[in-house]
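Below are the chains, spelled out letter by letter.
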Amino acid sequence: EDKVVQSPLSLVVHEGDTVTLNCSYEVTNFRSLLWYKQEKKAPTFLFMLTSSGIEKKSGRLSSILDKKELFSILNITATQTGDSAVYLCAVGSPNFGNEKLTFGTGTRLTIIP
Amino acid sequence: EPEVTQTPSHQVTQMGQEVILRCVPISNHLYFYWYRQILGQKVEFLVSFYNNEISEKSEIFDDQFSVERPDGSNFTLKIRSTKLEDSAMYFCASSGTGFGQPQHFGDGTRLSIL
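In short, a report on the structure. Remember, predicted model here, so these are calculated numbers, not experimental data.

1. So, the pattern of salt bridges
In step 1: Counted under the stated rule, the structure contains five salt bridges over all chains.
In step 2: Note that Lys-100 of chain A and Glu-56 of chain B form a salt bridge whose closest N and O atoms lie 3.9 Å from each other. Remark: Glu-56 of chain B occurs in strand β6 (residues 53-57) and Lys-100 of chain A occurs in strand β10 (residues 98-103); the pair is interchain, linking two chains.

2. Structural notes on the state of the cysteines
In step 1: Going through the model one piece at a time under the given rule, you end up with two disulfides over all chains.
In step 2: Bridging Cys-23 of chain A to Cys-89 of chain A, the disulfide has an S-S length of 1.9 Å. On the S-S bond that ties Cys-23 of chain A to Cys-89 of chain A, the torsion sits near -70°, and the link is left-handed. Taken as a pair, Cys-23 of chain A in strand β3 (residues 19-26) and Cys-89 of chain A in strand β9 (residues 85-95) lie far apart in primary sequence, 66 residues in all. Each member of the pair, Cys-23 of chain A together with Cys-89 of chain A, is buried.
In step 3: Across the disulfide, Cys-23 of chain B is cross-linked to Cys-92 of chain B (sulfur-sulfur distance 2.0 Å). Linking Cys-23 of chain B and Cys-92 of chain B, the disulfide has an S-S dihedral of approximately -65° and is accordingly described as left-handed. A residue pair is termed long-range when its members are at least 10 positions apart, and Cys-23 of chain B in strand β3 (residues 19-24) and Cys-92 of chain B in strand β9 (residues 88-95) qualify at 69 residues.
In step 4: By relative accessible area, which is 1% here, Cys-23 of chain B ends up buried.
In step 5: The class for Cys-92 of chain B is buried, based on a relative accessible area of 0%.

3. Here we look at the interface of chain B and chain A
You'll often see interface size given as the accessible area lost when the parts meet.
In step 1: Counting residues at the interface gives 22 residues for chain B and 21 residues for chain A.
In step 2: Where chain B packs against chain A, one counts one salt bridge.
In step 3: Remark: the boundary between chain B and chain A carries five residue pairs in polar contact (both at pLDDT 80 or more).
In step 4: Only β4 (31-37), β5 (43-50), β6 and β10 (104-105) of chain B provide two or more residues apiece to the side of chain B that touches chain A.
In step 5: The biggest single contributor to the side of chain B that touches chain A is β5 of chain B, with five residues.
In step 6: Tallied by class, the residues present in the side of chain B that touches chain A amount to 11 nonpolar, eight polar and three charged.

4. Observations regarding the sheet that holds strand β7 (residues 65-68) of chain B
Backbone hydrogen bonds hold the strands of a sheet together, and the pairing may be parallel or antiparallel.
Residues and elements named next belong to chain B.
In step 1: The strand order across the open sheet built from four strands is β1-β3-β8-β7, with neighbouring strands paired in antiparallel fashion. Two strands bound the open sheet, and with one partner strand each, they are β1 (5-7) and β7. Ignoring which end each strand starts from, the neighbouring axes of this sheet average 20° apart.
In step 2: By the bridge criterion, three bridges tie β1 to β3 in an arrangement that is antiparallel. Along β3, the bridge assignment pairs Gln-6 with Cys-23.

Rules and cut-offs
Residues numbered from 1 in each chain as written. Chains lettered and ligands numbered in written order. Predicted model: local features only at pLDDT ≥ 70, side-chain atom pairs only at ≥ 80, totals over all residues. Heavy atoms only, no water. Salt bridge = Lys/Arg side-chain N within 4 Å of Asp/Glu carboxyl O. Helix = DSSP H or I, 4+ residues; strand = E, 2+ residues; numbered from the N terminus. Disulfide = S-S within 2.5 Å. Buried < 20%, exposed > 50% of the residue type's maximum accessible area, 1.4 Å probe, protein only. Contact = heavy atoms within 4.5 Å. Polar contact = N/O pair within 3.5 Å; in protein donor to acceptor, adjacent residues only side chain to side chain. Nonpolar A, V, L, I, M, F, W, Y, C, P; charged D, E, K, R; others polar. Pairing = 2+ DSSP bridges. Axes fitted to C-alpha atoms, helices over the stretch in contact; angles between N-to-C directions.

Put into structure tokens, the structure is as follows:
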């Protein structure tokens, strides 16, 4: 059975701190790893990673994938209260162009002003 | 920015009734998905759909569930005879024209079965 494990489950930090969120996976058929931010409703796409060792960056957020060790990290520097959310990691398994996503339980990040 | 839209935002239904959840995917996307999230649990894959047929479905997606693309814009999930355990948030997602395209999610429909 495909499995995605995120840690920590919950994290509370002060504004301005840097955080690292972890995601490890065991899937039969891997194509991509995705990070989403979920506030109240829809998971909002952050990054899609397919190759090992190549960092993807968007502002204060960055992510990297290690396909040998089967994990990814999401870093957020200089955190702001607007970063408070659940961060979801998902692994995509291909099927004729479709890609079934297997999600982790998420990390709930709370930023204290 | 184009987005996936879902209606209704909240549906309350008696057990045993049929429900139809509606989604309008992003207009040039070709791959469509339904996921569900039971309160406090992970987001779970239900079904993927391409070229007017199901590509893959999970064990959750039994005979009580069906999907349809009745016209060029809508994508629907029907549950024929709802059970209490169908209560969940249902998310529709779509992705673009080829490999390596991320899925974009709608805001979800919260389904409550009484």
